[in-house]
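Residue strings, one per chain:
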Amino acid sequence: MKYISTRGNAPELTFEEVLLTGLAADGGLYVPKEVPTFSAEEIASWRDLPYTELAHKVLYPFVEGCVDSAALKTMLDEVYSGFGHKAVAPLQQIDHNEYVLELFQGPTLAFKDFALQLLGRLLDYVLERRHEKVVIMGATSGDTGSAAIEGTKACRNVDIFILHPHGKVSDVQRRQMTTVVGDNIHNIAIEGNFDDAQDMVKASFGDQSFLRGERKLVAVNSINWARIMAQIVYYFYSALNLGAPERAVAYSVPTGNFGDIFAGYMAKKMGLPIEQLIIATNSNDVLHRFMSKNQYEVRPLKHTITPSMDIAVSSNFERLLFDLYDHDGPALAELMARMNAKQDIVTLDEDKLAKARELFDSQAVDENETIATMQQVYDETGYLLDPHTAVGVKAARDCRRNQQIPMITLGTAHPVKFEEAVKRAGFDVPALPHHLADLMEREEKLDVLPAELATVQGFIAEKTFHD
Ligand SMILES: Cc1ncc(COP(=O)(O)O)c(C=O)c1O
Ligand SMILES: N[C@@H](CCOP(=O)(O)O)C(=O)O
């Protein structure tokens, strides 16, 4: 399997090289040169497989040639046996033909564990083989950070630096990052928002000279293809559980950086009969405004009760645009330059917009609707949604095209992480699970830094080379 850049002007890479990269040299994102596809018969034959075995079937084509089949199996067994539910990704029914896919059974209680637990093991595997050490730099609006730290804290060859927006993640989210002890773990609270942090990460991938050529920078955000790849599996798993491939399924996906829903789009390209994919955003709704009005306009970020989705620039949207532009890298590079300039309203040609609308529906959900959905689902079923999942459920209910097709909302996090929203909805906050029971008493370690690239890079260089 080879990987190519969306902007068409960077070398083709192997999986191993892509894993150890963030952005491509031309500023683009890596995608598989050819997407592996499976026939309906093949997919049907996987129906009774446990999660890890299914994951091996879906993922091996992406890593073949770089990761040995038996080694991948061992990693998958280790990763998913650590999840809190035997089914790994259980489905919870909330209405007739309507489900929540619980993706929060991993150690940090959010869907990020699915990929980041695996990514840590993949890094260990290739870095040991290459005798290399790397620096991980990631931006988080709350969940990626803790999952990345948890997934890589035992890696022998990494130093990890996670940037989160100071005061703009929940207490549980912050503590899940800042209480993990390790000389190689560094939490930086940026005096800015998630997009400032993400911009600094992307700029650092563009110019890594602050690491003096001694270390490479590796991404844990979904700009790293390995993240998307691992997230494809649970679409297959949930669809098979509800009768695919004979029966079509639909998904509503709480969306920020467009990574999770892009994984669903990939699953569809690989042969899964996905009838509908709904982009569900909070009031940071650049994607919904684009889909509904053909106006791509980045507006100032709003702080909401769904902090993990407080993202103004959705990185992975570029991967979709690459397909809409029929893999015309130079044309996409020109479009991305206009989109990233954040000054103008960018519109797409009507034929490209029509293609996007064939593939996706979209909906923006405000805070009142989010709270009302948490209350409604609880009243009907006794099931407490986290606010991000509630955004997805609301969009699912409003945008559903066909009641006969099972509608699955991705349950992206556990409600215990979001005390503010849970209390605003009038509920008691559930108890933290056993392994996090003393989280609020643990000692925290973090550094607060201004949102200045040189300061952040200087901090990373100092900690990497002098600690
Ligand atoms: C709880 C939760 N829901 C939804 C999202 C949005 O996912 P994505 O950024 O892949 O669109 C995130 C963050 O990424 C999240 O942490
Ligand atoms: N919602 C994320 C933001 C980063 O997104 P990613 O999927 O690209 O890592 C978070 O919670 O950190």
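Just so we're clear, the structure is a prediction, and the values are computed from it rather than from any experiment. (Residues numbered from 1 in each chain as written. Chains lettered and ligands numbered in written order. Predicted model: local features only at pLDDT ≥ 70, side-chain atom pairs only at ≥ 80, totals over all residues. Heavy atoms only, no water.)

Peer 1: Please set out the sheet that holds strand β11 (residues 361-364) residue by residue, giving values where relevant.
Peer 2: With respect to topology, six strands assemble into an open sheet ordered β3-β4-β12-β9-β10-β11, the strand pairing being mixed. Pairing within the sheet leaves two strands with one partner each, and these edge strands are β3 (91-95) and β11. In this sheet, neighbouring strand axes are inclined to one another by 25 degrees on average, regardless of whether the strands run parallel or antiparallel. Pairing geometry for β3 and strand β4 (residues 98-102), over four bridges, is antiparallel. When the bridges of β4 are listed, Gln 93 appears paired with Tyr 99. Across the sheet, helix α16 (residues 387-399) lies against β3, β4, β9 (249-254), β10 (274-281), β11 and β12 (407-411), angled at about 125 degrees from β10, the strand it touches most. (Pairing = 2+ DSSP bridges. Helix = DSSP H or I, 4+ residues; strand = E, 2+ residues; numbered from the N terminus. Axes fitted to C-alpha atoms, helices over the stretch in contact; angles between N-to-C directions. Contact = heavy atoms within 4.5 Å.)

Peer 1: Could you give an account of helix α10 (residues 259-269), with specific residues and numbers?
Peer 2: For α10, the tally of buried residues reaches nine of eleven residues, placing the bulk of the element in the interior. Of the positions making up α10, those classed as buried are Gly 259, Asp 260, Ile 261, Phe 262, Ala 263, Gly 264, Tyr 265, Met 266 and Ala 267. Looking one or two residues past α10, Gly 271 carries a phi angle of roughly 125 degrees, positive in sign. (Buried < 20%, exposed > 50% of the residue type's maximum accessible area, 1.4 Å probe, protein only.)

Peer 1: Can you lay out the packing of aromatic side chains for me, pointing to particular residues and giving the numbers?
Peer 2: Taken as a whole and assessed by the stated rule, the structure comprises 23 aromatic pairs. Note on Phe 161 and Phe 459: the rings are 6.4 Å apart at their centroids and 85 degrees apart in plane angle, and the pair reads as edge-to-face. Residue Phe 161 is located in strand β6 (residues 158-165), and its partner Phe 459 is located in helix α18 (residues 453-466); the two are separated by 298 residues in the primary sequence. Grouping residues by exposure puts Phe 161 and Phe 459 together as buried. Put simply, the rings of Tyr 51, Tyr 80, Phe 83, Phe 114, Tyr 234, Tyr 235, Tyr 237 and Tyr 251 pair up and form one aromatic cluster. The ring of Phe 465 is capped by Arg 212, whose NZ or CZ atom sits 4.0 Å from the centre of that ring. Of note, Lys 352 hangs over the ring of Tyr 325, and the distance from its end group to the ring centre comes to 4.8 Å. (Phe/Tyr/Trp six-rings, centres within 6.5 Å; stacked < 30°, edge-to-face > 60°. Lys NZ or Arg CZ within 6 Å of the ring centre and 35° of its normal.)

So far we have only geometry, and geometry alone does not tell us how the molecule works.
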